[in-house]
Amino acid sequence: MRLILPLPGNEAFAQRLADAGGWEFGALETRRFPDGESYVRLLSDVAGRPVDLVGTLARPDEGFLRLVFAADAARSLGARTVTLIAPYLSYMRQDRRFRAGEAVTSRSFARLISSSFDRLVTVDPHLHRYPALSSLYSIATSTLHAAPLLADWIAAEVHSPLVIGPDEESEQWVSAIAERARAPWTVLRKVRHGDRSVDVDVPDLSAWQGRQPVLVDDIASSGHTLIEAARKLPLQAFPKPVIAVVHAIFADDSYARLRTLSERIVSTDAVEHESNAIGLSSLIAGELSVAEDAAEQLVRRRRPPEPRDEVEQAGYDSFPASDPPPWTSGR
Ligand SMILES: O=P(O)(O)OC[C@H]1O[C@H](OP(=O)(O)OP(=O)(O)O)[C@H](O)[C@@H]1O
């Protein structure tokens, strides 16, 4: 049976995923040594099983090493496959060198993840200049889409909506949501000047007067794109917009600011946030169930297991492990 293992902070989502698929919900122990290094211990038997590490990657720098340590531990303890379930995939926006000398972090991050996992499952990654995750990641990838769920939420909750995307690049995504929600749609024009600096230009929307604007976006990061758009819509005598996003990062005080500028804010649970109203666990569980065989075939080409080291040969590679592990004492 699949084993769902949550990274710290992802327990609630992982539990919903395990429940949706009828899979075992496992546990990891993590802590910091006094010197700041990470300690990771798997508390569930992984040998011979497909193991799914669940960790949304908002604020990835904080937990990245323990994610890799957990994956490598699962692999060296005999997991059949090790999958990363990252409902939000980080480091997708620095997809080229915008200025001389910059690190193209999307490539480096993909290489690091690909070296520890067999497979990646994610939802609406910010694929702007990459055609697909497979052009970036060297492991099996599944890209899932929240657009139908957003559309169904809009159709059920908003009377007479007008679906609005923040920039011209969102046109395809926004039109698909609007079509399913049986609503008209349009896009605004956005120019980004910096991390927290964007201009949003609202074209003449008078043809849709009387409708409830619904701003949709893939990510609310600094929140400034949505803040600018929400500030400007009432200038054309529209009511405050409803806002629906996939990835609710909402850095700094952007959520509080947006609440004053909007009628309602909702998000998927890809990133845990108080605005979460649209669950993704069934979508992901469906993908894991349907694609299980195909995915396992794809990952057969995984590299051979790492050589067992001396500590493992001393007898601590089988479950349950001795408690406490002697080599961690005295640190
Ligand atoms: O909350 P914010 O900090 O404003 O960021 C969110 C916005 O940024 C992204 O696009 P981006 O402007 O990076 O454009 P891109 O499509 O060129 O990557 C994303 O699609 C959102 O529209």
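Residues numbered from 1 in each chain as written. Predicted model: local features only at pLDDT ≥ 70, side-chain atom pairs only at ≥ 80, totals over all residues. Heavy atoms only, no water.

Selection criterion: UniProt positions are given in the numbering used here, feature names are shortened, and annotations may be inferred rather than shown by experiment.
Under an unreviewed UniProt entry, the protein chain has the name Phosphoribosylpyrophosphate synthetase and belongs to Bosea vaviloviae. Listed under Sequence similarities (unreviewed entry) in UniProt, the entry text for the protein chain is "Belongs to the ribose-phosphate pyrophosphokinase family."

## Considering the environment of Ala 79
Keep this limit in mind: Only DSSP runs of H or I reaching four residues or more are called helices, and only runs of E reaching two or more are called strands; each is numbered from the N terminus. Per-residue accessibility, obtained with a 1.4 Å probe over protein chains only, is compared with the maximum for each type, and a residue is labelled buried under 20%, exposed over 50%, and partly exposed between these values.
Assignment of secondary structure puts Ala 79 in the loop between α2 (60-76) and β6 (81-86). Under the relative-accessibility criterion, Ala 79 is labelled buried at 5%. The spacing of Ala 79 and Leu 127 is 48 residues in sequence and 30 Å in space, taken between C-alpha atoms.

## Thoughts on unusual backbone geometry
The phi dihedral of Arg 182 is positive, around 55°, even though this residue is not glycine. Structurally, Arg 182 can be placed in the loop between α5 (171-181) and β10 (185-187). A positive phi angle, near 50°, is found at Phe 250, a position not held by glycine. Here Phe 250 shows up in the loop between β14 (242-248) and α7 (254-261).

## Notes on the sheet that holds β14
How we decide: Note: two strands are recorded as paired if DSSP finds a minimum of 2 bridges between them. A fitted line through C-alpha atoms serves as each axis, taken over the contacting stretch for helices, and the angle formed by two N-to-C directions is quoted from 0 to 180°. Residue contacts follow a heavy-atom distance rule, with two residues in contact if any of their heavy atoms lie within 4.5 Å.
An order of β10-β9-β13-β14-β15-β16 is seen for the six strands of this open sheet, with the pairing classed as parallel. Sheet topology places β10 and β16 (276-278) at the edges, where each strand pairs with a single neighbour. For this sheet, the mean inter-axis angle between neighbouring strands, taken without regard to orientation, is 35°. Two strands pair when backbone bridges link them, and β14 and strand β15 (residues 264-268) are joined in this way by four bridges, in the parallel orientation. Note on β15: the bridge partner recorded for Val 242 is Arg 264. Against the sheet, α5 engages β9 (161-165), β10, β13 (212-220) and β14, with an angle of about 165° to β10.

## Points about α5
Taken together, the buried positions of α5 are occupied by Trp 173, Val 174, Ser 175, Ile 177, Ala 178 and Ala 181. Along its buried surface, α5 packs onto α4 (147-157), β9, β10, β13 and β14. Two residues or fewer after α5 comes Arg 182, characterised by a positive phi angle close to 55°.

## So, the sheet that holds strand β8 (residues 140-144)
Across the sheet, six strands lie side by side as β2-β1-β5-β6-β7-β8; this open sheet has parallel pairing. Here the strands that pair on one side only, and so sit at the sheet edges, are β2 (24-25) and β8. Note that strand β5 (residues 50-54) and β6 share five bridges and pair parallel. Across the sheet, the residue bridging to Asp 52 is Thr 83, located in β6.

## Remarks on the pattern of salt bridges
The cut-off we apply is this: A side-chain nitrogen of Lys or Arg and a carboxyl oxygen of Asp or Glu constitute a salt bridge if their distance falls within 4 Å.
Per the stated rule, a full pass over the model turns up 15 salt bridges. For Glu 29, the salt bridge is made with Arg 41, and the minimal N-O distance between the two is 3.6 Å. Here Glu 29, found in strand β3 (residues 28-32), pairs with Arg 41, found in strand β4 (residues 38-42); they are 12 residues apart in sequence, far enough to count as distant. On the basis of relative accessibility, which here comes to 27%, the residue Glu 29 falls in the partly exposed class. Lys 190 serves as the salt-bridge partner of Asp 167, at 3.0 Å between the closest nitrogen and oxygen.

## Re the nonpolar core
We apply this condition: To define a nonpolar core, start from buried Ala, Val, Leu, Ile, Met, Phe, Trp, Tyr and Cys residues and group those joined through side-chain atoms within 4.5 Å.
Judged by nonpolar contacts, the single largest core of 37 residues is most densely connected at Leu 17, Ile 154, Trp 173, Ile 177, Val 216 and Ile 284. Residue assignment for this core shows that the elements contributing at least two residues are α1 (11-21), β7 (119-123), α4, α5, β13, β14 and α8 (281-290). By size, the runner-up hydrophobic cluster in this structure holds 32 residues, among which are Ala 86, Leu 89, Val 104 and Leu 136.

## A short note on the packing of α4 against α5
Note the cut-off: For this classification, under 35 degrees means roughly parallel, over 145 means roughly antiparallel, 65 to 115 means roughly perpendicular, and everything else is oblique. Handedness of a helix crossing follows the sense of rotation of the near helix relative to the far helix, less than a right angle counterclockwise being left-handed and clockwise being right-handed. Classification convention: Asp, Glu, Lys, Arg as charged; Ala, Val, Leu, Ile, Met, Phe, Trp, Tyr, Cys, Pro as nonpolar; all other residues, Gly among them, as polar.
Between α4 and α5, the shortest axis-to-axis distance is 8 Å and the interhelical angle comes to 45°. Accordingly, the angle class assigned to the pair α4 and α5 is oblique. Crossing geometry of α4 relative to α5 is assigned as right-handed. Listed contacts from α5 to Ala 147, Pro 148, Leu 150, Ala 151, Asp 152, Ile 154 and Ala 155 of α4 are Trp 173, Ile 177, Arg 180 and Ala 181. Its residues placed into classes, the contact of α4 with α5 shows nine nonpolar, no polar and two charged.

## A word on the pairing of β15
Using the following cut-off: If the strands point away from the viewer and the path from the first strand over the helix to the second runs clockwise, then the crossover is right-handed.
Where burial is concerned, most of β15 is hidden: four out of the five residues are buried. In the classification by handedness, the crossover that spans β14, the intervening α7 and the parallel β15 is right-handed. Bridge analysis of β15 against β16 gives two bridges, and the strand direction is parallel. Looking at the pairing, Ser 267 lines up with Asn 276 of β16.

## Some points on the packing of aromatic side chains
Note the cut-off: By convention, a stacked pair of Phe, Tyr or Trp rings (six-membered ring in the case of Trp) has centres within 6.5 Å and planes under 30 degrees apart, an edge-to-face pair has planes over 60 apart, and any other such pair is tilted. We call a charge positioned over a ring when the NZ of a Lys or the CZ of an Arg lies within 6 Å of the ring centre and within 35 degrees of the ring normal.
Within this structure, the stated rule accounts for four aromatic pairs. Ring centres of Phe 33 and Tyr 39 lie 5.8 Å apart, and the angle between their planes is 80°; on these two criteria the pair is classed as edge-to-face. The residues Phe 33 and Tyr 39 share a single accessibility class, namely buried. Judged by centre distance (5.0 Å) and plane angle (40°), the rings of Tyr 91 and Phe 109 are tilted. Placement of Tyr 91 in the loop between β6 and α3 (105-116) and of Phe 109 in helix α3 is noted, with a sequence separation of 18 residues between them. Directly above the ring of Trp 23 sits Arg 2, whose terminal nitrogen or CZ lies 5.7 Å from the centroid. The ring of Tyr 39 has Arg 31 sitting right over it, with the charged end atom 4.5 Å from the ring centre.

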